[in-house]
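Secondary and tertiary structure notes
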Amino acid sequence: MDTILDALMLSNPNVRYVVFGSVLLGCAAAVVGAFTVLRKRSLVGDAVAHSVLPGVCGAFLVTQTKHPLALLIGAFISGWLSLVVIDFITRKTRVKEDSAIGIVLSVFFGAGILMLTAIQQTGSAAQSGLDKFLFGKAASMLLDDVMIFGGVAALLIAIVALFFKEFFLLSFDRDFARVIGLRVPLLDLLLSTMTVLAVVVGIQAVGVVLMAALLITPAAAARYWTERLGIMVVLAGLFGMMAGVTGAYISTAAPSMPTGPWIVVVTSVVFLLSVLFAPRRGVVAQAVRYKRNRTQITDENILKALYQMGESASEFTTVHSTEEIHGHRRMQLLTLQQGLARLRRQGYVEHHHRGWCLTSEGIERGKRVARLHRLWEVYLSRHLHLAPDHVHDSAESIEHILTPELEEQLASELNYPEVDPHNSPIPYRKKAKQKPETGTRNA
Amino acid sequence: MIIHVENPALEIHNLTVSYHRKPVLWDIDLTVPQGTLAGIIGPNGAGKSTLIKSVMGLLPADSGYAQMFGEPLDRVRRRVSYVPQRESVDWDFPASALDVALMGRYARLGLFRRPRAADREMAMDCLKKVGMDGFAARQISQLSGGQQQRVFLARALAQDADLYLMDEPFAGIDAATEAAVIQLLTEMKQAGKTVIVVHHDLQSAADYFDWIVLLNMRLVASGPTDQIFTQELLERAYGGRLNVLSQVGELLQKQQFPARERKG
Ligand SMILES: Nc1ncnc2c1ncn2[C@@H]1O[C@H](COP(=O)(O)OP(=O)(O)OP(=O)(O)O)[C@@H](O)[C@H]1O
Ligand SMILES: [Mg+2]
């Protein structure tokens, strides 16, 4: 408990470094990853992440130290090599890119594990702590690590800000970027290098196995929240920071715990929440919209039924029992009862002990639905040349979504017809432009 | 019939282009005069898109070259604008119609500079010209195919170039919009710009264009519409592949044989 409190207060300078470093590299990986995702290079990102392992081990074997600069260079070289090999295989052989990625990932990672095992058998692994690179250990970052990795991370973020416009165009339309004279191969090289660097600085905290989660998941989650690239990149960066902070705290609070899996948990939760709760694209928002539409359709169908019943009796304020309404408009009885109760709360119907009747607002709204329904039927039969018995179903749904503007446009385009294709009169609002004799006097 | 002009907007000299060693365009040699609205016409697979892409430097040529205003593309990029086929990009991208139109200004902005208010205004103007100003803020995947095509057109207009190369700008556009766009292109021509359009529909081609290039793997004809639009030449362009040409192409591919001997 003490350690958590200490960590949260950032009272320990060492913890401060770790948290600060993790935030920076989480942000950098996510920001660079946004372009990886948009360029549909996610799998390549994963391959690079796994492929830096032999470089890390190689650097240790050569220098016999765990100096961050040596590891950075080693990881960078093997990460880059994996990209070159993927590109070479795809271009020079018949192997397709996804297979090439799979091959390179497993070969490089396999070689890395082999080297790691060899190092461990020499006995120096314990103090080398190289195995931490598999699943990450944020708390093992020292000031030196934080300075170097954090510096690279900050540089990556700055480059994205600087080249934002160019990366935007490159990700959306490469050909156009080339045509207007952008140095597309150079920009490609830059973005690939940045991806490798983002992976390299991230591995100490996250580990090679799960690094791709920090690269890809925040961007994928951010895509749910916005349709603007700038916002998406910033959001991805924020999600990456969150993952970084959480990883750092957990790593300092429970040092025996690997950090990578925890970071994956955080990013996955963020992703899941985005899938569920993002406005518009999210599952919940879609369900809410669906529910709202269902309710509106039910309510308006009830009002229309009451209106039509009043129409045939030329008396709109008659009281109708629930059974009568149900007989006129087939729907689940429970839905009808709930709908009537809701309409009463909203002031469209009144309840008397024998049943229900429309208020004047209810009459207006029921009349409008009937009007839209009939206008749409006229429109279909005039402009789509549908037979009168084919227009009803479409009108049943269109009557609920037409806006007042569209209604006005529809009516004037049809020149205010008096009756629909079934010869039912079309009830206009009192003041609508119309020939006098078509008015319904009951409104 | 191939008619050449002095001082052309576009000159293509002996251009041969292949995919995987299989030539799809053989020795194209033509000129398009400045200030014309020109149509590139030919059946599916004739190599129209390939020709434009190669001219824009997006595909390497086996031999030959293209020049605009007497210079290689690299020296006149600012004066040349390109509208790719709509299917060439993934429209499910976090960008608005205005964002895409603004891309037409990027070349003028140069590295690191963000679009300024003046660029936005210009991009909005271009959206307006193609009747898309009401959709400026709309996410691009929520546009119809024809609307996406118009956004591409707006982006090209925002480049404010002298030569426009457009690959099927009328694909998926309704008749009313097509008429409006042709009107726009005609105005551009009258302002002295050169517009070269890949076009599918023979019916309208004679009305739209004052210069026509007939293409089917090789150049069939190039010249003013009234001289080119003859029964005989059209039949030659649409009368199927040249059998020997296709077979030689396939042979080259099978043997992995270069269509041109290496120079030097
Ligand atoms: N990427 C490619 N790889 C291999 N062959 C290709 C490729 N693109 C086009 N081709 C071939 O080159 C030929 C010319 O294609 P191109 O797309 O230039 O035709 P087009 O005239 O634009 O046709 P369309 O009217 O259908 O757009 C066709 O035979 C096509 O099969
Ligand atoms: Mg084409």
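Higher on the page you've got the structure.
A short tour of the structure in this document, coming up.

1. Some points on the pairing of strand β3 (residues 37-41) of chain B
All names here are of chain B. Within β3, 5 of the 5 residues are buried, which leaves the element mostly enclosed by the surrounding structure. In this sheet, strand β8 (residues 211-216) lies alongside β3 in parallel orientation, the contact comprising 4 bridges. Bridge assignment links A38 to a residue of β8, and that residue is W211.

2. Digging into the side chain of T252 of chain A
Relative to the helices and strands, T252 of chain A is located in helix α13 (residues 229-253). At a separation of 3.0 Å, a polar atom in the side chain of T252 of chain A contacts the main-chain carbonyl oxygen of Y249 of chain A.

3. Describing the environment of A222 of chain A
Relative to the helices and strands, A222 of chain A resides in helix α12 (residues 211-223). Setting aside residues no more than four positions away along its own chain, A222 of chain A makes contact with M232, L235, A236 and F239 of chain A.

4. Description of the interface of chain B and chain A
If you look at the interface, chain B gives 33 residues, while chain A gives 25 residues. Interface area for chain B against chain A, summed over the two sides, is near 2700 Å², with a carbon-plus-sulfur share of 64%. On the chain B side of the interface with chain A, the three residues burying the most area are F93, P94 and Y106 of chain B, jointly 25% of the side's total. Inspection of the chain B/chain A interface yields 5 salt bridges.

5. What to know about the site of ligand 1
All names here are of chain B. In the vicinity of ligand 1 lie 14 residues, with N44, G45, K48, S49 and T50 positioned nearest. Between ligand 1 and Y19, the relevant distance is 3.4 Å, taken from a nitrogen atom to a side-chain nitrogen or oxygen of the residue. Within the backbone of A46, one N or O atom sits 3.2 Å away from an oxygen atom of ligand 1. Contact with the protein chains removes 62% of the 630 Å² of surface that ligand 1 exposes when unbound. In terms of residue count, the dominant contributor to the shell around ligand 1 is helix α1 (residues 48-55) (3 residues). Split by residue class, the shell around ligand 1 holds 4 nonpolar, 8 polar and 2 charged.

Quick notes on the rules
- By convention here, each chain's residues receive numbers from 1 onward along its written sequence.
- Each chain is given a letter, starting from A, and each ligand a number, starting from 1, according to the order in which they appear as written.
- For a predicted model such as this one, the threshold for reporting local features is a pLDDT of at least 70, and the threshold for listing and counting side-chain atom pairs is 80 or more; totals across whole chains, interfaces and linings nevertheless cover every residue.
- The basis for every side-chain value is the complete set of non-hydrogen atoms in the structure, without hydrogens or water.
- Partly exposed residues are those whose accessible area sits between 20% and 50% of the maximum for their type, while under 20% is buried and over 50% is exposed, using a 1.4 Å probe and protein chains only.
- Going along the chain from the N terminus, every DSSP run of H or I of four or more residues is numbered as a helix, and every run of E of two or more is numbered as a strand.
- When DSSP finds two or more bridges between a pair of strands, those strands are recorded as paired.
- Side-chain atoms alone can form a polar contact between residues adjacent in sequence; in general such a contact is a pair of N or O atoms within 3.5 Å, and within protein one must be able to donate a hydrogen while the other accepts it.
- Any pair of residues with heavy atoms lying within 4.5 Å of one another is described as a contacting pair.
- Here the quantity called buried area is the accessible surface, traced with a 1.4 Å probe, that two parts lose on coming together, added over both.
- What makes a salt bridge here is a side-chain nitrogen of Lys or Arg within 4 Å of a carboxyl oxygen of Asp or Glu, nothing more.
- For this description, a residue counts as near a given molecule or strand if any of its non-hydrogen atoms is within 4 Å of it.
- Only the protein chains shown count as cover for residues, and all accessible areas are computed by the Shrake-Rupley method using a 1.4 Å probe.
- Under the convention adopted here, Pro, Cys and the residues Ala, Val, Leu, Ile, Met, Phe, Trp and Tyr are nonpolar, Asp, Glu, Lys and Arg are charged, and Gly plus all remaining residues are polar.

Geometric values such as these leave the question of function open.
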